[in-house]
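Below are the chains, spelled out letter by letter.
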Amino acid sequence: MLRIKKVLISIILSIILGYLCGITIYKIYENDTFNTINSNKLYLLQSGAYSSIDNMRMNTKQINYVYFNDDGIYKTIIAITKNKDNIKKIKDAYNIDMVINEYYLENDNLVNKINEYDKELANTSDKEEVVKIVNNMLINYKEENNLKLVKTY
């Protein structure tokens, strides 16, 4: 009987300690993952979506843009920002309808460059300067190879 009590107490103690260790490790990794995801969240300002690349090129001659193929649809992106406050400035500067898409970018180098451009955007209200900064941001985006974006749902 005494032996059964010792085994039972050992099992219960092991379960409790395992549970506490599991919770502690989960909280550590949950915070790290959440901070990493939020630090790489981008807003892509999309000016259009087209069924073919020729159709896209014909309809977007007026503005500088980057594009990507999303399940057979060519989406034209005229601005990239991490700062929600800059979205209104960009919309006002271009004065066209835009769709805002949230994505996560895995390229930390480009995320840092976008942060720098966002600071410049935050410090200006001149529409021509906003367009210039956005165009420079797009040039950096075009120069990066193998970019992986993950869409939020």
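Residues numbered from 1 in each chain as written. Predicted model: local features only at pLDDT ≥ 70, side-chain atom pairs only at ≥ 80, totals over all residues. Heavy atoms only, no water.

So, on to the overall build of the protein. Helix and strand counts for the protein come out as 5 helices and 5 strands. Looking at the 153 residues of the protein, the share that counts as buried comes to 31%. Total accessible area on the protein stands at roughly 10400 Å², and carbon and sulfur atoms take up 54% of it. (Helix = DSSP H or I, 4+ residues; strand = E, 2+ residues; numbered from the N terminus. Buried < 20%, exposed > 50% of the residue type's maximum accessible area, 1.4 Å probe, protein only. Areas by Shrake-Rupley, 256 points an atom, 1.4 Å probe, with all protein chains shown as cover.)

Attention now goes to the pattern of salt bridges. By the definition in use, this model includes 2 salt bridges. The salt bridge partner of Glu-102 is Lys-41, with a shortest N-O separation of 3.7 Å. With a gap of 61 residues between them, Glu-102 in strand β4 (residues 99-105) and Lys-41 in strand β1 (residues 41-50) connect regions that are remote in the sequence. The shortest N-O distance in the salt bridge between Asp-92 and Lys-88 comes to 3.2 Å. On the criterion of helical spacing, the pair formed by Asp-92 and Lys-88 is a turn pair, its members being 4 residues apart in helix α3 (residues 84-94). For Asp-92, a relative accessible area of 37% gives the class partly exposed. Owing to a relative accessible area of 56%, Lys-88 belongs among the exposed residues under this scheme. (Salt bridge = Lys/Arg side-chain N within 4 Å of Asp/Glu carboxyl O.)

You will see that Asn-95, though not glycine, has its phi angle at about 55 degrees, which is positive. Relative to the elements of secondary structure, Asn-95 occurs in the loop between α3 and β4. Of the residues examined, Asn-95 reaches a relative accessible area of 69% and is grouped as exposed.

On to the side chain of Asn-86, then. Structurally, Asn-86 is set in helix α3. Accessibility expressed as a relative area gives 2% for Asn-86, which makes it buried. At 3.2 Å, the side chain of Asn-86 and the side chain of Asp-118 are in polar contact. Excluding residues that lie within four positions of it along the chain, Asn-86 makes contacts with Thr-81, Asp-118, Leu-121 and Ala-122. (Polar contact = N/O pair within 3.5 Å; in protein donor to acceptor, adjacent residues only side chain to side chain. Contact = heavy atoms within 4.5 Å.)

Coordinates in, geometry out; function isn't part of it.
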